[in-house]
Structure formats: C-alpha cells, structure tokens
Amino acid sequence: MTFKFSTKTVHFQKKVQEKNVSKSQPIYQTSAFSFNDLDDMEDFYRGNKEYLYTRYSNPNTDDLGNGVAQLEGAPKGIATSSGMSAILAGVLAIVNHGDHIIASEDIYGGTYQLFANELKDFGINVSFVAMNNLEEIENAINENTKLLYSESITNPLLRVENLSSLISLAEKHNLKTMVDNTFATPYLIKPYELGADLVVHSATKYIGGHSDVTAGVLVGKESLIAKAKTKVVNLGCNLSPFEGWLACRGLKTLAVRMDRQVKNAQALADFLRGNPSISKVYYPNSVSENGNGAIVSIDLGESCDLNIFFKSLQWVKIVPTLAGVETSVTYPLGTSHRSVPDGIRSKLGITKDLVRISLGIEDAEDIIKAFEEAIEQAKL
Ligand code: PLP
C-alpha cells in the first residue's frame, strides 16, 4: 500500500511476532484489542476470544490474578488497581445494601475507613470486634450479617489470626469469610486452603516487592470472583497492563525475597528482645514452617527519644508502606492508623512510641548494627 506522510506515521509496517516466543511476557500496553470483522469481534461475546477492552481484561493483569491464585491454591484470581479496590470488589461480591459485616477491630487503617465511612453511605453496616474472641463475634451476628472479615497477620501488632476457628464459626452461621493475606503472603499462610471464600492482597507490598507498583489481587471461589470481576469492570477498578507486568516480575522472586526477609526479621527480633532499652517487641511465633513473617514492631517506651531514633537510623528510611527489598520503618500512629479512633488505638496498643519495621533483603548484621546504633543515640 502506498500512503501519504501522515498516514505512514500511523500505519508504518509493524512486526507481528507469531513465530518467535519471547522469554519474558510482553507488555500488552493497549487500551483495547482489534478485530478483522464483526464476526471476529462477536467471538469475544461468544466466549471464543479472551480480550476486547483492557478495562474488562488484559493478559498482564490476568497473569497477576492467576499467578497469585495458583500460589494461594485458589481456582481463580483477579488483579485490581490497588489493595483497597480489591477489598471493595471482594466485599461487594458478597454484601448488598442493608447487609452487615463483622470485621476485626485491628484491621489496616485504610480498610477501617472504607468500612466505617464509605460502606455506611451505601447502606452496609460494619461491626468491629476482637476477632480472637469468638463469643464477641457470635454476639455481633444479626440476621443481616453476611461476611466475616479479618487479616491473617494484623497490622501493625502482628497478631496471628486463628483462621480455622473463624472459618468454622462463619460456616456454622452461614457467613462468608474474606481474609487480607498481605502481611503473611501465601509463602507463610494460605487462607483459601483453610476454607476462606475470598483472599485479598495489597500487591503493592510483598507480591510486587519493590515499592514501584500500586496493585491489588483478589482470589477465591470462581462464582465470587466472577461477581467481583463485574464490580471491577463497572467501577473501573482495573489495573494497568504495565503495573500488572511489574507486579508479575516481582511475584517471580516472592519466595527468595520472603526467605531472606523472614530470616532477617527473626534475627532483628531476637536482637531487640535482648536490648533493655526496648520496652516491647512484637514478633509472632510458630506462624508457619517457612518462618514468622518479615515485619517486627517495637514499642520504644519512655527510655528512648522517638525522633532521635528515627533520625539516627541513617539508611533505614521512614516510609508509609512496607515489604520492599529495603529495610524501612513506619510510624503507625502518624500514617496507617492516623484515622482510627483514639479509643480503638489505645485498646489495641498502637501507642505514640510504636514503630513498625519492615525487613528488607540486606545482610542481617548491617540491619542489626543500624538499629543498635540508633537505639544507643536515642537513649534518654
Ligand atoms: N491491606 C493491608 C494489610 C495494607 O497494609 C494495605 C496498605 O497498606 C492495604 C490493604 C491497602 O493496599 P493499597 O495501598 O495497595 O490500596
């Protein structure tokens, strides 16, 4: 075909790679897929073609949903624009206007906001309870209760939920269960295999692993994932292809990253427990055969100056996130739990001296040295 200049700028000849299979998954950085004729397009609606429009689905985002589903042992998964939108889509797959949710009182602050403020405006009520108190949960159940929502390892105090007993309680009362598995990852805990209906991740954290992507994943029963997928499409909560690709690249190293990060966390927790200047060390025991997680929280108490401690950490930076390959610290009172009411925060132990440490993949000796020096500088 002979084109004039402007047409050529758009329709120059492009390679179609059908014979060569690229080693790395290509990025399908496209908002839509193209068709040769109406019959070809109708094939999408007949179920003979997978892709039409990226807000509906895209190979890179499908890879992420399916990859995490396989690791969780679940039949189906979808990727979304953030952990928050994955939580929203999962919840809306289960509850409607007029329904009631029972949620753990020590959930992530953003989830607390979504439940306490946003869902209320949609006519969905949430009761926050101590999830380790089965009697309190049973007392909160009413005729509209549809969902029990918890985190496998809580943020920031690292309480390990007894998922098996929660799931049997939910089954007894015909409730669905949804578990945020962000902190544990399927490397440590697999809530779906324990019977949870839906499992959600902020893939911004360990799944992506490099602090360069904001994404969410929801996995679980096929029928629920199909409903959640409709919500994602209609609410526009889809993930971009590039972010899906980046998160998939991170996912490939989840096991090796977690292995190192968990070992570093254990080493730092052991060191901090032996340091008399630290009033409390939060680090769970017996979480899984792969270790106890990669987050350690500490309460500096009255014997250290908090700000001098943060300043003296030098290469360990304060960030409002976790799970990257760099060790970092967070101040929950000032960030993730800022919006949680005072009463709940003090009941939970989220004090003004609480610091959450996310272990990276550096050498344990260097990490311990950084904390040892900062504690020494901050001692009152
Ligand atoms: N769940 C947990 C446990 C989290 O820590 C976070 C964010 O910190 C979220 C969900 C929300 O994820 P995102 O920031 O990717 O929306």
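Everything below is about the structure printed above this text.
Throughout this description, residue numbers start from 1 for each chain and increase along the sequence as written. Residue-level local features of this predicted model are given only where pLDDT is at least 70; pairs of side-chain atoms are given and counted only at 80 or more, and the full residue set underlies all totals for whole chains, interfaces and linings. Note that water and hydrogens are dropped before the side-chain values are worked out from all heavy atoms of the structure.

1. Concerning a nonpolar patch on the surface
Line of reasoning, step 1. On the surface, a cluster of nonpolar side chains totalling about 340 Å² of accessible area is made up of Leu38, Met41 and Tyr45.
Line of reasoning, step 2. Each helix is a run of DSSP H or I of at least 4 residues and each strand a run of E of at least 2, with the numbering of both proceeding from the N terminus. Tracing the backbone through its elements, the reader meets Leu38 in helix 2 (residues 38-45).
Line of reasoning, step 3. Note on Leu38: relative accessible area 67%, which makes it exposed. Each patch is built from residues that are more than 30% exposed by relative accessible area and take part in no salt bridge. Like charges join if they lie within 9 Å; nonpolar side chains (Val, Leu, Ile, Met, Phe, Trp, Tyr) join within 5 Å. Each accessible area value is a Shrake-Rupley result obtained with a 1.4 Å probe; residue values ignore everything except the protein chains displayed when judging cover. One side-chain nitrogen of Lys or Arg within 4 Å of one carboxyl oxygen of Asp or Glu is enough to make a salt bridge. Accessible area is worked out with a 1.4 Å probe on protein chains only. A residue is then buried under 20% of its type maximum, exposed over 50%, and partly exposed in between.

2. Quick look at the sheet that holds strand 7 (residues 216-220)
Line of reasoning, step 1. Strand pairing requires that DSSP identify at least two bridges connecting the strands. Judged by pairing direction, the sheet is mixed, and its seven strands sit side by side in the order 1-7-6-5-4-2-3 without closing on themselves. What marks the edges here is a single partner per strand, and that holds for strand 1 (76-80) and strand 3 (125-129). The sheet shows a mean angle of 20° between the axes of neighbouring strands, direction not considered.
Line of reasoning, step 2. Taken together, the four bridges between strand 2 (residues 100-104) and strand 4 (residues 145-151) define a ladder with parallel strand orientation. Across the sheet, residue Ile101 finds its bridge partner in strand 4, namely Leu147.
Line of reasoning, step 3. Only heavy atoms enter the contact rule, under which two residues are in contact if any of them lie within 4.5 Å. Helix axes are fitted only over the stretch in contact, all axes being lines through C-alpha atoms; the angle between N-to-C directions runs from 0 to 180 degrees. Here helix 3 (residues 59-72) sits on the sheet and contacts strand 1, strand 6 (198-202) and strand 7; the angle it forms with strand 1, its principal contact strand, is near 135°.

3. Observations regarding the site of the ligand
Line of reasoning, step 1. If a single non-hydrogen atom of a residue is within 4 Å of a molecule or strand, that residue counts as near it. Around the ligand sit 13 residues in total, of which Met84, Asp180, Ser202, Thr204 and Lys205 are the nearest.
Line of reasoning, step 2. Any N or O atom pair separated by 3.5 Å or less is treated as a polar contact, with the protein-specific requirement of one donor-capable and one acceptor-capable atom, and with residues adjacent in sequence counted only for side-chain atom pairs. One of the backbone nitrogen or oxygen atoms of Gly83 is found 2.9 Å away from an oxygen atom of the ligand.
Line of reasoning, step 3. Between the ligand and Asp180 there is a distance of 2.6 Å, counted from a nitrogen atom to a side-chain nitrogen or oxygen.
Line of reasoning, step 4. The fraction of the free accessible surface of the ligand (390 Å²) that becomes covered by protein chains is 90%.
Line of reasoning, step 5. Within the shell around the ligand, the residues separate by chemical class into five nonpolar, six polar and two charged. Gly counts as polar in this scheme, as do all residues outside two lists: the nonpolar Ala, Val, Leu, Ile, Met, Phe, Trp, Tyr, Cys and Pro, and the charged Asp, Glu, Lys and Arg.

4. Looking at the sheet that holds strand 9 (residues 295-299)
Line of reasoning, step 1. In space, the five strands of this open sheet follow the order 8-9-12-11-10, with mixed pairing throughout. The sheet terminates laterally at strand 8 (280-282) and strand 10 (317-318), the two strands that pair on one side only.
Line of reasoning, step 2. Here three bridges tie strand 8 to strand 9, and the two strands are oriented antiparallel to one another. Pairing of Lys280 across the sheet is with Asp299, part of strand 9.
Line of reasoning, step 3. Packed on one face of the sheet, helix 11 (residues 254-273) meets strand 8, strand 9 and strand 12 (354-358) and runs near 20° to strand 9.

5. A closer look at the packing of aromatic side chains
Line of reasoning, step 1. Between 30 and 60 degrees the pair is tilted, below 30 it is stacked and above 60 it is edge-to-face, where a pair is any two Phe, Tyr or Trp rings, Trp via its six-membered ring, whose centres lie within 6.5 Å. Inspection of the entire model under this criterion finds nine aromatic pairs.
Line of reasoning, step 2. An aromatic cluster is defined as three or more aromatic residues linked by ring pairs; in this entry it consists of Phe309, Phe310, Tyr331 and Phe371.
Line of reasoning, step 3. Charge-over-ring placement is defined geometrically: NZ (Lys) or CZ (Arg) within 6 Å of the ring centre, and within 35 degrees of the ring normal. The residue whose ring lies beneath Lys14 is Phe12, and the NZ or CZ to ring-centre distance is 4.8 Å.

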